[in-house]
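# Working through the structure, step by step
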Amino acid sequence: MGLGGYARLVAEGIQESSNCEVTGLISGTPEKLVEWGDWLQVPETRRYNYENFDAIKGDPEIDAVYIITPNALHHPQALRVAAAQKHVICEKPMAISVKQGQEMVEACKQAGVKLLVGYRMRFEANTLAAVEKRDAGAFGDILFFQGMSGFRIGDPNQWRLQYDLAGGGAMMDTGIYAVNGARYMVGEEPIWVTAQETKTDPEKFKDGIDETIMFQFGFPSGAVAACLSSYNMNHLSRFFLNGSKGFVELIPATSYGPIKGWTDQGDLGLPHVNHQAKQMDEMALIIHDGQQPVLPVDGQVGLQDLVIIEAIYRACRQGTREELNLG
Ligand code: NAD
């Protein structure tokens, strides 16, 4: 659903995958339905628009719908997909508020369908190797994480810079990688967050659209994290985890790859696999076989990121340290 830039990468990934197939398309643009339908050999009977896609209910060729539209649309669209009794895969951020996220989790639970969020890094081999080494004690007690995620955004008229469609700025779009990454790299849930915002271009980054935010977490073990989210800096994709015995660094940490990683003992060096193909293959196993991934990607994980992001925005506004209880 939503045949834009990222959906194209997902469709290409699905073509490379072993467990998935594009069996239907949903778009508001008739020409795209023709172009993509021909490309992916989707019959006309399974090319839907935003008015009629509820008709997927009962179509045995469709198991799940991958929602790849602007952030603010994820919530209403996920509710409709769940009502059609199809599994929901939703892009990040899963919604633009905690309330919306909770409603999505509840709707999918009530409908008996799974809700997964497109956290592709949670399936990436170098990332998982770093997590595995941490769990094996290779870095000792974890003390510090640094997560930076950003890029210089172009066209000032795009939906990403419109609050009604984006629900926020860089934090919702790219900072979320550092939020999510802090959680899987440290291996604990943060118990507090503080944050500071800076804006160099209030014309381009209007009210509610954050340009650059620094944020810091505290974890139950005493570990701390320092993170950066920005729409105004390129080459910002770096994770660094430091412990009492060693470190691991990933650069780039969250781009489409190849992800490069090394520890104090040497290179992680795991080969690049198309992120979208890997994610889709793993998600198929979660949906069909009830497989548990090493790092979860369910609605609860997406909801917890939204709880943290709302706390980050409050901390920026009020200058407070926000306590977190992610349950
Ligand atoms: P995009 O602008 O390239 O595509 C968005 C699509 O939604 C377009 O086809 C557009 O026509 C469609 N759309 C439907 N209703 C619309 C409306 N009312 N207004 C505007 N567009 C509408 O954006 P994208 O980069 O593909 O991002 C889509 C989603 O995917 C976002 O939630 C984004 O955060 C996410 N994303 C995730 C990753 C990742 O690596 N996981 C990467 C890029 C984007």
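The structure this text deals with has already been given above.
These remarks concern the structure in this document.

Calculation rules
- Residues numbered from 1 in each chain as written.
- Predicted model: local features only at pLDDT ≥ 70, side-chain atom pairs only at ≥ 80, totals over all residues.
- Heavy atoms only, no water.
- Helix = DSSP H or I, 4+ residues; strand = E, 2+ residues; numbered from the N terminus.
- Rg over C-alpha atoms; globule rule 2.2 N^0.38 Å.
- Buried < 20%, exposed > 50% of the residue type's maximum accessible area, 1.4 Å probe, protein only.
- Contact = heavy atoms within 4.5 Å.
- Areas by Shrake-Rupley, 256 points an atom, 1.4 Å probe, with all protein chains shown as cover.
- Lys, Arg positive; Asp, Glu negative; His and termini not counted.
- Charge placed at Lys NZ, Arg CZ, Asp CG, Glu CD.
- Near = heavy atom within 4 Å.
- Polar contact = N/O pair within 3.5 Å; in protein donor to acceptor, adjacent residues only side chain to side chain.
- Nonpolar A, V, L, I, M, F, W, Y, C, P; charged D, E, K, R; others polar.
- Pairing = 2+ DSSP bridges.
- Axes fitted to C-alpha atoms, helices over the stretch in contact; angles between N-to-C directions.
- Expected span 1.5 Å × (residues − 1).
- Bend = angle between axes of the 7 residues up to and from the residue.
- Salt bridge = Lys/Arg side-chain N within 4 Å of Asp/Glu carboxyl O.

What follows deals with the overall build of the protein chain. Along its length, the protein chain carries 9 helices and 14 strands. The C-alpha radius of gyration computed for the protein chain amounts to 20 Å, which stays within 12% of the reference 20 Å derived for 327 residues, consistent with globular compactness. Out of the 327 residues belonging to the protein chain, those deemed buried represent 54%. A sequence separation of at least 24 residues applies to 67% of the contacts in the protein chain between residues at least 6 apart. Looking at the protein chain as shown, the accessible area adds up to about 14300 Å², and 51% of this sits on carbon and sulfur atoms. Put simply, the protein chain has 28 plus and 41 minus side-chain charges, and the middle of one group is 2 Å from the middle of the other.

To continue, consider the site of the ligand. Taken together, 22 residues surround the ligand, and among them Gly5, Asn71, Lys92, Arg120 and Trp159 come closest. In this structure, Thr69 approaches the ligand through a main-chain N or O atom, which is 3.2 Å from an oxygen atom. One nitrogen or oxygen atom from the main chain of Lys92 is found 2.8 Å from an oxygen atom belonging to the ligand. Protein chains bury 77% of the 840 Å² of accessible surface belonging to the ligand in isolation. Put simply, the parts of the chain that give the shell around the ligand at least two residues each are α1 (5–16) and α7 (170–186). Residues that form the shell around the ligand fall into these classes: 10 nonpolar, 6 polar and 6 charged.

Right, let's talk about the sheet that holds strand β7 (residues 192–198) for a bit. The strand order across the open sheet built from 9 strands is β13-β12-β11-β10-β6-β9-β8-β7-β14, with neighbouring strands paired in mixed fashion. Looking at strand neighbours, the two that pair on one side only are β13 (266–267) and β14 (322–323), the edges of this open sheet. In the sheet, strand β6 (residues 142–150) pairs with strand β9 (residues 224–230) via 7 bridges, with the strands oriented parallel. Bridge pairing in β9 links Phe145 to Ala225. Helix α5 (residues 125–135) rests against β6, β10 (236–243), β11 (247–250) and β12 (261–263) of the sheet, and its axis sits at about 170 degrees to β11. Packing of helix α9 (residues 299–318) onto the sheet brings it into contact with β7, β8 (212–218) and β14, and relative to β7 it is tilted by some 60 degrees.

Moving on, we come to α7. With 17 residues, α7 should reach 24 Å at 1.5 Å per residue; the first-to-last C-alpha distance of 22 Å fits that figure. Considering bend angle alone, the principal kink of α7 is centred on Ile176 and spans about 50 degrees. In terms of burial, α7 is largely enclosed, as 17 of its 17 residues are buried. Among the residues trailing α7, Gly187 stands out with phi positive, at a value near 80 degrees.

Moving on, we come to the pattern of salt bridges. For the coordinates displayed, the defined rule picks out 15 salt bridges. As a salt-bridge pair, Glu35 and Arg8 come within 3.1 Å of each other at their nearest N and O atoms. Taken together, the residues Glu35 in helix α2 (residues 30–40) and Arg8 in helix α1 connect sequence positions 27 residues apart. Taking the relative accessible area as the measure of exposure, Glu35 reaches 42% and is therefore partly exposed. Where Glu103 meets Lys99, a salt bridge forms, and the shortest distance between an N and an O atom there is 3.0 Å. With Glu103 and Lys99 both in helix α4 (residues 98–111), this residue pair falls 4 residues apart, about one helical turn. On the basis of relative accessibility, which here comes to 32%, the residue Glu103 falls in the partly exposed class.

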